[in-house]
Amino acid sequence: MKVSQAQDLRVEPFSRRGSYLSIRRMDAESFQHEDRNGVFIRQCHGTRFWDPMVAGLTVDGTIPESEWTVDCLRLYPAGQRQGEALVEVVFDGLRALRFRGQGCSVELEFPTVGFSSMYPSPHGGWEVNARANRAKIQLSALRGDLSAQTDWLGEESSVMKIQMAAGQKEGEWELGFDFYHSTWIPRTFRPRAELRAEVGQEFQEFLATFPRVESEWEEARNRAAYVNWSAVVAPHGHFRREAMLMSKVFMSNVWSWDHAFNAMAHFESHPQLAWDQMLLQVDRQNEYGAFPDAQNDVHEHFNHCKPPIHGWAVSRMRRRKPEFFTSPRIRETLGWLAPWCRWWLNHRLWKALGLPYYLHGNDSGWDNSTFFRRGVPLLGPDLPAFLILQCREIARLHELLNEPVDAAWWNQEADALKDKLLQHLWDGERFIALRMPEGEEMREDTLIETMPLVLGEELPAEIWEKVVGRLRRYLTEHGLATEHPDSEYYRSSGYWRGPIWAPSTLLLIDGLVRGGESTLAEEIKKRFLDLGRREGFAENYNALTGKALCDPAYTWTASVFLDLLHGHSE
């Protein structure tokens, strides 16, 4: 099944649910900071951005052309797509690939980094000790001739290459590629048709649970579903459950607000997968109640945090599927949501003003927003708004458990935060930020100034109207720019200084709907859906041209698209 007419390995990588392996075409056009050129087998165990190379792949010594469906990748010698020569690649389970070729050879070159080596395998074929990947690879010739080029320098190899080609009496060849961490057990290789059918059926079952859409949206919906399905990895190391990575291209981590958008998009179609995404960061919550900023299966860090949008996310999921939230699950949710909220109130509150603060743009998720250009600590208007919603949801969960005293306490916390937000960060015309300890007022042309709209009906009417008016300033032909295009700090590819992002779009659409501004919300929604259908699901988009930017296959973008497409914000 095709999931994209483009079938461009520079955009979506070829992978499958559960696997840490993928295949991708890389060049200067596909990622501006990337100096590699070619087709590469990659892995995402404990990796980020530039270091997950397993092997470079050529066909007849050339960078191959490609096309792919969910169950099979086809590679052709350069300029020979119309000929009979081709290499087919399929997944053999989650940790192995199977290559089959005719009329051409395939070459794999493995990076030689500290203590990597290649040697004849005791089981036949060749084995690579891929030290940089913290893994090993068993290469098995099922049919044809497998040859290797390597050496031994006493502790490591300086060259590790293999070539697979047909033998003199064979028209085809077949290669097994098993990626493993400790011990390879000789096995029987299943027929390729069976492997393809398994993957194809798995994706069709994943897709079938989504609501139906009109035919004009099917291709984009399928493409978004593929981005998310293929980005899931199996439990391993720090991951105690299936994890939907932000991407298998570069951003191969789970960040602690990204995961909530992925959870919301799949909550009705795949409730267990969705709830597992919420609990990924809960699994790593520390003794103070904080979530790690990011994690993968190998490591985590708490150097930054992310905004507390989790109460808002739980509230949206609860309203859509109330039967999921049984009393035990509500109790479970309070067990992590309340400590996360208390962490902000106990450890990140500027006591003199009664408002929470950020210590870096990364804490807000808007990494380089102009609100942070003069430094930190910063009291931004978005943070108390999120905490107000989080306190309200905790109160509501206590009400559902018939615990009115606890509910009243959390509602009082929300009321106090709202009073402080309006007292200190509303100047009568707009929301501002305060850089502490001086209390310097920051009035920047950043979309963050409008984020208190997430409060919906909680925002006083006179303030609501003025903030909606300011929001309209940021709306371009394609969506909500994160920095106003007339700002001196606007950059077309400036990360949070201009481009359109999925999370800010969904947060504001949801707030507008709850505040009664449905017409504007629908217009923003339409522009974002059109953008995704046209450009795919990149990390962000140029606000003036709509061009896809940064990581080209990003799950929270696909998730917000699916969320809006299926009407979850209506």
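Residues numbered from 1 in each chain as written. Predicted model: local features only at pLDDT ≥ 70, side-chain atom pairs only at ≥ 80, totals over all residues. Heavy atoms only, no water.

**Q** Would you mind going over the state of the cysteines with me for this structure?
**A** One way to say it: the disulfide is the covalent bond shared by the sulfur atoms of two cysteines. Evaluated as defined, the whole model comprises zero disulfides. Unpaired in terms of disulfides, Cys 341 finds its nearest cysteine sulfur in Cys 391, a separation of 3.7 Å. On the basis of relative accessibility, which here comes to 0%, the residue Cys 341 falls in the buried class. Residue Cys 550 stays outside any disulfide, its sulfur separated by 19 Å from that of Cys 44, the closest cysteine. Cys 550 gets classed as partly exposed once you look at its relative accessible area, which sits at 25%. (Disulfide = S-S within 2.5 Å. Buried < 20%, exposed > 50% of the residue type's maximum accessible area, 1.4 Å probe, protein only.)

**Q** What should I look at first to understand unusual backbone geometry in this one?
**A** Across residues other than glycine, the phi torsion is negative in most instances, and most of the peptide bonds are trans. Of note, the amide linkage connecting Val 376 to Pro 377 takes the cis form, showing an omega dihedral of 0°. Note on placement: Pro 377 falls in the loop between helix 7 (361–364) and strand 22 (378–379). In the segment running from Met 436 into Pro 437, the intervening peptide bond is cis, with an omega of 10°. A positive phi angle, close to 70°, is found at Phe 115, a residue other than glycine. (Helix = DSSP H or I, 4+ residues; strand = E, 2+ residues; numbered from the N terminus.)

**Q** Is there a simple way to think about the sheet that holds strand 17 (residues 254–255) in this case?
**A** The pairing of strands in a sheet happens through backbone hydrogen bonds and is either parallel or antiparallel. One open sheet holds the three strands; their spatial order is 17-18-19, and the pairing between them is antiparallel. Only two strands of the sheet have a single partner each, and these edge strands are strand 17 and strand 19 (300–301). (Pairing = 2+ DSSP bridges.)

**Q** It is not clear to me how the environment of Ala 260 should be interpreted in this structure. Could you clarify?
**A** Mapped onto the fold, Ala 260 is located in helix 3 (residues 258–266). Excluding its chain neighbours within four sequence positions, the residues that come into contact with Ala 260 are Met 278, Ile 309, His 310 and Ala 313. (Contact = heavy atoms within 4.5 Å.)

**Q** Would you take a moment to explain the side chain of Arg 98 for this structure?
**A** In this fold, Arg 98 is placed in strand 7 (residues 96–102). In this structure the side chain of Arg 98 is engaged in a polar contact, spanning 3.3 Å, whose partner is the side chain of Asp 92. Apart from the residues lying within four places of it in its own chain, the contact partners of Arg 98 are Glu 88, Val 89, Val 90, Asp 92, Leu 142, Glu 174, Leu 175, Gly 176, Phe 189, Arg 190, Arg 192 and Leu 195. (Polar contact = N/O pair within 3.5 Å; in protein donor to acceptor, adjacent residues only side chain to side chain.)

**Q** I'm lost on the sheet that holds strand 22 in this one. Help?
**A** Across the sheet, three strands lie side by side as 22-23-24; this open sheet has antiparallel pairing. On the outer flanks of this sheet lie strand 22 and strand 24 (440–442), each paired with one strand and no other. Note: strand 23 (residues 433–435) against strand 24, three bridges, orientation antiparallel. Across the sheet, residue Arg 435 finds its bridge partner in strand 24, namely Glu 440.

**Q** Help me understand the side chain of Asn 542 in this model?
**A** Within the element layout of this structure, Asn 542 appears in the loop between strand 25 (540–541) and strand 26 (548–549). Classification of Asn 542 as buried rests on a relative accessible area of 10%. Within the structure, Asn 542 has its side chain in polar contact with the backbone nitrogen of Leu 544 (distance 2.8 Å). With sequence-adjacent residues up to four places away left out, Asn 542 is seen in contact with Tyr 490, Ser 492, Ile 500, Lys 547 and Leu 549.

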